[in-house]
Amino acid sequence: MKQQLHKLFENAVDALKRDGVVPPQQDIEIRFDHPRDKSHGDLATNLALSLAKAARQNPRELAQRLIDALPPSEHIAKVEIAGPGFINIFLSPSSQFEVLSRIHRQGCRYGCCDVGHGEKVLIEFVSANPTGPLHVGHGRGAAFGDTLARVMRFAGYEVDTEYYINDAGRQMDILALSVWLRYLELCGEEFSFPKNCYQGDYIWDIAATVHRVDGDKYRISTSNFFSAEYAHDSEKALDQMTSKFRSQVGSDGYQRFLDAALDILVEDIRSDLKGFRVEFDRWFSERSLYQSGIIDRTIAKLKQTEYLYEKDGALWFRATAFGDEKDRVVVRENGTPTYLASDIAYHQDKFDRGFNKLIDVWGADHHGYIDRVKGTLEALGNNPTNFIVTIVQFATLYRGGQKVSMSTRGGEFVTLRELRQEVGTDAARFFYAQRKPEQHLDFDLDLAKSQSTENPVYYVQYAHARVCSVFKQAKQRNIDTAEIFESDSTLLQEEHERNLANALNKFPEIVATAATNREPHHIVYYLRDVSNRLHTYYNAHNVLGTEAELRNARLNLMDATRQVIANGLNLIGVSAPEQM
RNA sequence: GCGCCUGUAGCUCAGUUGGAUAGAGUGUUGGCCUCCGGAGCCAAAGGUCACAGGUUCGAAUCCUGUCAGGCGCGCCA
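Residues numbered from 1 in each chain as written. Chains lettered and ligands numbered in written order. Predicted model: local features only at pLDDT ≥ 70, side-chain atom pairs only at ≥ 80, totals over all residues. Heavy atoms only, no water.

Next up on the list: the overall build of chain A. When helices and strands are counted, chain A shows 19 helices and 14 strands. Expressed as a percentage of the 580 residues in chain A, the buried residues total 52%. Look at the contacts in chain A between residues 6 or more apart in sequence, and 74% of them connect residues 24 or more apart. For chain A, the accessible area works out to roughly 26900 Å², and carbon and sulfur atoms hold 45% of it. Across chain A, the 68 positively charged side chains and the 80 negatively charged ones have centroids separated by 1 Å. (Helix = DSSP H or I, 4+ residues; strand = E, 2+ residues; numbered from the N terminus. Buried < 20%, exposed > 50% of the residue type's maximum accessible area, 1.4 Å probe, protein only. Contact = heavy atoms within 4.5 Å. Areas by Shrake-Rupley, 256 points an atom, 1.4 Å probe, with all protein chains shown as cover. Lys, Arg positive; Asp, Glu negative; His and termini not counted. Charge placed at Lys NZ, Arg CZ, Asp CG, Glu CD.)

Laid out in structure tokens, this is it:
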């Protein structure tokens, strides 16, 4: 609809250019928006206001000339000039209800568009360290990333999703050590478990699986395992324990404990996310980057640029050349690559795999990391604007009015699984999807749980179920609903009906802006709006009780609304139940 | 100290890229089917858009400064 109006106004502007009213070279951007006040028409444009200066004309007079130059159209019922020079457009009823047949024709594809032009996009999200279960903070990233992927696919992007498994580095040493120590306790050793090892009960479970299979195979006496050498520095003491652990059980033993932990934890995360309706196209292992030599190759490539240099025995990346506050180590003095090194290799590999655009969804605690990764990608010859990081702010949890502290190592957190069980996937995903990512989120657990039946998700789902119910009723009354798609929409003359149809018309536009701005929360607000119009309409007018032709036209409108709600709910990963 | 995010109704949040009289939910108050699903609908009340300047026909939106809160500033990942 906007496209057709666009053409009409382009014609009008061209005519004014020919008449010399508007300078011929003048750049013109014609935009239409939806006025919130219905008396201002269905669509409005500020074209005359933006042209007034260049044309040296009073905006209202210019608006009149534009209207005079407007070619006649069946879509437009009335055009008015208002305020300082807005042009308000009232659409003809027939064009407003054209959308009903389009929705019927396109079904679950209604709302999709091609603003993405098939661009190949890789969205990486969650990527939580496999050192424990996902918590509600990860849930926010999961809901956002997955919804964004769905919306962008619907808008014509070719989207892949990926989870990066951080299965290398010091955290893994600590994980393996934690499991081994619990294992020793199961073997009967007695000692006090280090405070900075992973405390969660799941560590016991992993240790138990090893103990069940291998018995006391990796048991050693702990009598002189713990030393007081680093009593003042618990992190150093931890590293010392790790190396002792590795030397005592050998690399096979170390691997045994690490693999046992990773197998269980990654699988746990995968099934947890699946229950949250989040499934990835690929799970990418950090270790695989080392094994395949990609890290060495990428560092070698970076060495050929002017942005890598040696200092204090380490290799540094000149991040300051790209706006970072200081240079960063890529390879440590001891020869091992840093986390940045594997990240450079990983992201370069994404480009090498043929993706034009990389979208990373990160937690707020990683925002300081953006500049250096962007810098390395630029140094390697990529266009940095194709690397987009969306920062998802933290969810601050409240329970009983008190902030809940979150710490993975401490084992004290609310897991995503708990949340799913308590409020359900539908409500949880809807709740997350409502917020734009950069908004700090106060998550009141008591409220989310206790008010779960008043959660806004039910409002939208209820609208869907309500339409389904009307059709069930129709069936019971032996009404043939197959004919409704041929119904005469000129019979729809109520204001509520026009309001509803207007909302249905907007859906493709909402999808497009949600996708291009990467703000999927617009879908949620749109769904609430459509649902409200449906409820309002249904409350004010009878559908099944009217005579056949009008009834069919109304059923057609209802069914189209149901379809749009179903499509929208699907985009945010929420079910559209036929009854509740 | 520096950087990023945030500040809109009692509370939780939107605000279509600078537009018209500032928008929802929730909470409060009052009303609405003996009828297709009341998990609904309608109405009222509720605002110095953190504060101060600036840009222009026009600012919650853009620029500068101030204040407040969150997060970050490792040869951790």
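Next comes the rest of the description.
Attention now moves to the pattern of salt bridges. Enumeration over the complete set of coordinates arrives at 31 salt bridges. Among the ionic pairs, D146 bridges to R150, the shortest N-O distance being 2.8 Å. Placement of the pair is D146 and R150 together in helix α5 (residues 136–154), with a separation of 4 residues, close to one helical turn. One salt bridge connects R282 with D160, and the closest N-O pair in it is separated by 2.7 Å. Placement of the pair is R282 in strand β6 (residues 282–285) and D160 in strand β5 (residues 158–165), with a sequence separation of 122 residues. The class of R282 is partly exposed, set by a relative accessible area of 27%. It is possible to trace a salt-bridge network through shared partners that takes in D160, E162, R282, D349 and R353. (Salt bridge = Lys/Arg side-chain N within 4 Å of Asp/Glu carboxyl O.)

Strand order in the open sheet made by the 5 strands is β6-β5-β4-β10-β11, with parallel pairing throughout. Looking along the sheet, the strands with just one partner apiece sit at the ends: β6 and β11 (387–392). Mean inter-strand twist for the sheet, computed between neighbouring axes without regard to direction, equals 25 degrees. Alignment of strand β4 (residues 120–124) against strand β10 (residues 357–363), held across 4 bridges, turns out to be parallel. Counted as the bridge partner of I123 is I359 from β10. (Pairing = 2+ DSSP bridges. Axes fitted to C-alpha atoms, helices over the stretch in contact; angles between N-to-C directions.)

Moving on: the packing of aromatic side chains. Applying the stated criterion across every chain, the model contains 25 aromatic pairs. Ring geometry for F191 versus F226: centroids 5.2 Å apart, planes at 35 degrees, classification tilted. Of this pair, F191 sits in the loop between α6 (170–187) and α7 (201–214) while F226 sits in the loop between α7 and α8 (234–275), and the two are 35 residues apart along the sequence. With relative accessibility at 17%, the residue F191 sits in the buried group. Ring centres of W362 and Y369 lie 5.8 Å apart, and the angle between their planes is 55 degrees; on these two criteria the pair is classed as tilted. For the pair W362 and Y369, one class covers both residues: buried. Each residue in the set W180, Y183, F191, Y218, F225, F226, F245, Y254 and F257 is aromatic and connected to the rest through ring pairs, giving one cluster. For the cation-ring pair, K311 lies above W316, with the distance from its terminal atom to the ring centre recorded as 4.5 Å. Positioned over the ring face of F431 is R435, at 4.9 Å from the centre of the ring. (Phe/Tyr/Trp six-rings, centres within 6.5 Å; stacked < 30°, edge-to-face > 60°. Lys NZ or Arg CZ within 6 Å of the ring centre and 35° of its normal.)

Moving on to the confidence of the model for chain A. Taken over all residues, the pLDDT of chain A has a mean of 90, while the share at 70 or more is 97%. ipTM for the predicted complex: 0.95, alongside a pTM of 0.93. (pLDDT = per-residue confidence, 0-100.)

Quick look at α8 now. The first and last C-alpha atoms of α8 sit only 38 Å apart over 42 residues, clearly below the 62 Å expected at 1.5 Å per residue. Of all the bends in α8, the greatest measures close to 110 degrees and is centred on G250. R277, located one to two residues past α8, shows a positive phi value of around 60 degrees. (Expected span 1.5 Å × (residues − 1). Bend = angle between axes of the 7 residues up to and from the residue.)

Relative to the elements of secondary structure, Q434 occurs in the loop between α14 (425–433) and β14 (441–444). The spatial distance from the C-alpha of Q434 to the C-alpha of V404 is 22 Å, given a sequence separation of 30 residues. Those residues in contact with Q434 that sit more than four places away from it in its chain are P456, H521, V524, Y525 and R528.

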